[in-house]
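Working through the structure, step by step
These are the residues of each chain, in order.
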Amino acid sequence: MPTDDSPRAVPFAVDSTDRIPAERYHDQAFFDLEAEHLWSSVWQMACRLQEIPNAGDFVEYTNLGKSVIVVRDTNGDVNAFHNACRHRGVQLAVDRGCAKNGFVCPFHGWCYGLDGANTFVYSPDHFRDENLVPDELNLRPCRVELWGGSAFINHDDDAPPLRDSLGPFAPAMEAFNVEDMQIEWWESAVLPVNWRLVLSAFLEGYHVCTTHPELIPPGTRDKDTYAPSRPGVDYASRYAGSDDSQTQVDNFLYYIKNLGEGMGGMVHAREIAVAESIRHMDLPEPATASRDFTAALYVALAEWGRESGTPMPDFDAMAAQGIQSGVYYAFPHYFLLPVYASASAYRVRPIGPEETLFEIWSLAPFAPGEQPPTPGTPTPMALDDERWPWIPLQDFSNLPRQQKGLHAKGFEYMRLAESVEGTISNVERLVDGYLAGVDSQRLLDGAQHVSGKIGSPIADLGF
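The paragraphs below set out a description of the structure included in this document. Computed from a predicted structure; not experimentally measured.

In total, this model carries 20 aromatic pairs according to the counting rule given. Between phenylalanine 202 and tyrosine 346, the ring centres sit 4.8 Å apart and the planes meet at 55°, which makes this aromatic pair tilted. With phenylalanine 202 in helix H5 (residues 195–202) and tyrosine 346 in strand S15 (residues 343–352), this residue pair connects regions lying 144 residues apart in the sequence. Each member of the pair, phenylalanine 202 as well as tyrosine 346, carries the same accessibility label: buried. Judged by centre distance (5.0 Å) and plane angle (45°), the ring pair of tyrosine 329 and phenylalanine 335 falls under tilted. For the pair tyrosine 329 and phenylalanine 335, one class covers both residues: buried. An aromatic cluster of at least three residues, connected via ring pairs, comprises Phe202, Tyr329, Phe335, Tyr346, Phe358, Trp388 and Phe396. Above the plane of the ring of phenylalanine 366 lies arginine 270, whose end atom (NZ or CZ) is 4.6 Å from the centre.

As structure tokens, then:
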């Protein structure tokens, strides 16, 4: 990696923090630099551990032509290997499955254990001794670390540890007990959009009033005052909108019901049922009705969790730490959107300069023995498929139009609002740091201003 004295040139670099050049979202050379210098050095969410519960269970994780096997061994540990037979490079694993006895190359029968060790070479007398050095026949390991119920891989053996790289994202999501969440459903779509343009759609809440007006209760739809991404503003106070206590509660329930339906589980139906059960509780003080109702809901959810055996976060501890519901981002391609004990999750993977694989999970905790069956790899659905919940459908309607608009003559750059769209700028400038060859410690320091809750102001990344 070049030193700070000899940085690599970055085409269409972000020179003004609130102006992002349009070419970054469709230029092939820029995309190629990302493949070479960004994706080769960052932690990538490869799978939920729920997908590989037993010895021999494996998942193939692919991105930009690189394929990695993530597999559970007989000791219960999770290993990762570059997916190529050491003979002639044939992929050993495709998609997912169970290889209890290890991997067998379908071409010439070479065999490998779950620890990656080569266990069999067909007719070894055909080879020179130099081509049968035992250590050189083992599968090449890929770095893997576990966090939050998921396995992450990294192609760079010298990259900082995973949890350090996750920055503020990690402790917030740990408070929500994301490791206890299980997959209820998992869907995907191929978007005709650059991968970072997809990110930018979810890095701010500024679009909610226009794109998702159903989330704003009647009587509170004031586009000049509504601030869904303002730091420190919780959901309850955003949707109060009345001096009457019951109306505040009704507005709040309107919101979480629409959020649950619109995201297909970001607020789980079980959580909504608990909220409905206390809907008419006594709230004598209109000034604090929304907050009092939220506090009562936390108590009711905790009690429901104890009675049902369903793991719940420690809502009191979260309140004491100032951890709130919202959209949280982990650089470069993973989102978690928790509200109470459930969440949606997004993963973004580039296919080409203007094509992206976008995935959504619905995650929720379950009592022992009640976990749903783990879904297989989804077949991408059309962007207008009626099976999508309505919030993703609304987002999908914007993105292809934006991608085309960035090609318009005279459109030079996106103009960002510093206070609510700053995370977009922070992400783009961190990408530039990787492309320029900034040293790993400075990149790690910069990531602390990127990964975490969205809607942050533009920050000084230190480079």
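Right, let's talk about the pattern of salt bridges for a bit. Evaluated as defined, the whole model comprises 16 salt bridges. The closest approach of N and O atoms between aspartate 95 and arginine 96, which form a salt bridge, is 3.8 Å. Overall, the relative accessible area of 22% leaves arginine 96 in the partly exposed class. One salt-bridge network, held together by shared partners, links Arg24, Glu34, Arg196, Glu428 and Asp432.

To continue, consider the sheet that holds strand S16 (residues 355–364). The six strands lie next to each other as S12-S16-S15-S14-S13-S18, forming an open sheet whose pairing is antiparallel. Only two strands of the sheet have a single neighbouring strand rather than two, namely strand S12 (182–191) and strand S18 (452–453). Of the strand pairs in this sheet, S15 and S16 are connected by nine bridges, and their pairing is antiparallel. Residue pairing across strands places valine 348 opposite phenylalanine 358, the latter belonging to S16. Its contacts with the sheet place H5 against S12, strand S13 (328–330), strand S14 (334–338), S15 and S16, and it is angled at close to 155° to S15.

Hydrogen bonds between backbone groups are what pair the strands of a sheet, and the pairing can be parallel or antiparallel. Pairing is antiparallel across the open sheet formed by four strands, whose spatial order is S5-S4-S3-S6. The sheet terminates laterally at strand S5 (78–82) and strand S6 (96–98), the two strands that pair on one side only. This sheet shows a mean twist of 25° between the axes of neighbouring strands, independent of strand direction. Examined bridge by bridge, strand S4 (residues 66–72) and S5 share five bridges and lie antiparallel to one another. Directly across from arginine 72, in S5, lies its bridge partner valine 78.

Thresholds, definitions, all that
Per chain, the residues get numbers from 1 upward, laid out in the order the sequence is written. It should be noted that, the model being predicted, local features are given only for residues of pLDDT at least 70 and side-chain atom pairs only at 80 or more, the latter also being counted only at that level, while totals for whole chains, interfaces and linings use all residues. Only hydrogens and water are removed before side-chain values are computed, so all heavy atoms of the structure are retained for them. Here a Phe, Tyr or Trp ring, Trp counted by its six-membered ring, pairs with any other such ring whose centre lies within 6.5 Å, and the pair is stacked when the planes are under 30 degrees apart, edge-to-face when over 60, and tilted otherwise. Segments assigned H or I by DSSP are reported as helices when at least four residues long, segments assigned E as strands when at least two residues long, and all are numbered from the N terminus. Any residue under 20% of the maximum accessible area for its type is buried, any over 50% is exposed, and the rest in between are partly exposed; the area is computed with a 1.4 Å probe on protein chains only. Distance and angle both matter: a charge sits over a ring if NZ of Lys or CZ of Arg is within 6 Å of the ring centre and within 35 degrees of the ring normal. Throughout this description, the term salt bridge denotes a Lys or Arg side-chain nitrogen within 4 Å of a carboxyl oxygen of Asp or Glu. By this definition, two strands are paired if DSSP reports at least two bridges between them. It only takes one pair of heavy atoms within 4.5 Å for two residues to be counted as in contact. Note on method: axes are straight lines fitted to C-alpha atoms, helices fitted across the in-contact stretch only, with angles between N-to-C directions ranging 0 to 180 degrees.

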